[in-house]
Amino acid sequence: MTQASDIISALPSQFEAAQSSGDLFFFPSEVSKHEEIGIEWEIRLCTALQKKSIPAWEAGIAPSNQIDETSKKSDPFAPPYVPNLHVGDLRDESSGAEYGVLLNKYSVVPHHFLLVTKEFMPQTSPLMPHDLVQTYLLLLAARKARKNYFAFYNCGPNSGASQSHKHIQFIEVEDDGPPIERLAKAANLEVSGKPFSLSSVPYANHVYRLPTLSNGASPEQLEQVLFLPFLSLLDLVISTVRHVPDYPPGTPSYNVILTLEHMHLIPRRWETYTLGESGATLSINSLGFAGMLMVKSESERQVLEQEKIGAVLRGVGVESVHDLQVAGTSMEAMDETGT
């Protein structure tokens, strides 16, 4: 089994080899910035996405609107892996869970990679302690190598996931992280160690500020720091969707954004958003809520800016009930203390 540090150091050469062999397809794009609600959003224009067979921002072989029985049977994340896409394997010592690390076959940014469960687990299942530990070992190894990555997980049918096999994705970004992280860092918290919400954005979101993580943190230390906060955020997602009258039954869909400083969970109602009169459909996954959106044409970019990114994300998310949730927690505390 390889170490997280070996995975990070192997990425550049592995990416180059996969691309030159034709096993990986890289699509050039242009990024423009758009200021709105205190966030400098990144809008990436990739005209290659006009070919319907190419999935935007997502891993695997099928666009998100074409998950059929055939694509489920030909699971691209099941071993044996395409050698040029296979960066290495990781094993969680505590649980025995094993993972493959794969390059994204369809890349819009270099070195986009995936942490994939060796044994099939559904993309509708929540992140487990060992998933979080292995994710953060990779993020810490990247920081140690002076690279800045964040991870994301699209959970459930309306989250923007294109594959049913559990996979966590990793993208390299600038030093200050994805755009939404700048807003999270600026939040002035009255109490540490509790979830909070970014109130300036118009959709429900739940965030937790992590304590400082050292590069040498052990898996046991990471599990203690990471899993209970994740559960508290997941509880808030479930509580939030219960306030939505027409929310579909079953497991809720949500997006997860993981950085070395924060965890973000965003409940989802719809996978896609239709842009006004143009009729263009945007599929939104975790990256949209991280502040990074993808369009297929210049006209689509203009319509997105006119329609407002906040409105688009609210359209596929749900209304925040954070104030009600905080009030409810306070009432419970009062009941317990008898005050």
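Reference entry: report on the structure contained in this document. (Residues numbered from 1 in each chain as written. Predicted model: local features only at pLDDT ≥ 70, side-chain atom pairs only at ≥ 80, totals over all residues. Heavy atoms only, no water.)

**Quick look at helix α4 (residues 179-186)**
Every buried residue of α4 is listed here: P179, I180, E181, L183 and A184. Considering only its buried residues, α4 is in contact with β3 (39-45), β10 (206-209), β12 (262-268), α6 (286-290) and β15 (292-295). (Buried < 20%, exposed > 50% of the residue type's maximum accessible area, 1.4 Å probe, protein only. Helix = DSSP H or I, 4+ residues; strand = E, 2+ residues; numbered from the N terminus. Contact = heavy atoms within 4.5 Å.)

**Focus on the sheet that holds β15**
The three strands are arranged β2-β3-β15 in an open sheet whose pairing can be described as mixed. Edge strands, defined here as strands with exactly one partner in the open sheet, are β2 (30-36) and β15. Taking each pair of neighbouring strands and ignoring which way they run, the sheet shows an average axis angle of 30°. Bridging between β2 and β3 involves seven bridges; their strand directions are antiparallel. Considered in β3, the bridge of S32 is made with I43. Most of the contacts of α4 go to β3, to which it runs at about 170°, and overall it touches β3 and β15. Along the sheet, helix α7 (residues 298-307) contacts β2, β3 and β15; its crossing angle with β15, the most-contacted strand, is approximately 135°. (Pairing = 2+ DSSP bridges. Axes fitted to C-alpha atoms, helices over the stretch in contact; angles between N-to-C directions.)

**Structural notes on a negative patch on the surface**
A surface patch of like charges, here negative, comprises E35, E40, E174 and D175. Following the sequence through the fold, E40 ends up in strand β3. Using a relative accessible area of 35% as the deciding quantity, one classes E40 as partly exposed. (Patch = residues over 30% accessible without salt bridge, like charges linked within 9 Å, V, L, I, M, F, W, Y side chains within 5 Å. Areas by Shrake-Rupley, 256 points an atom, 1.4 Å probe, with all protein chains shown as cover. Salt bridge = Lys/Arg side-chain N within 4 Å of Asp/Glu carboxyl O. Lys, Arg positive; Asp, Glu negative; His and termini not counted. Charge placed at Lys NZ, Arg CZ, Asp CG, Glu CD.)

**Quick word on the nonpolar core**
Residues L103, F113, Y136, L138, F170, F230 and M263 are the most contacted members of the largest nonpolar core, which totals 47 residues. Broken down by element, the residue count for this core peaks at eight residues, all from helix α3 (residues 129-144). In this structure, A187, V201, Y203 and I309 belong to the second largest nonpolar core, which totals 36 residues. (Core = buried A, V, L, I, M, F, W, Y, C linked by side-chain atoms within 4.5 Å.)

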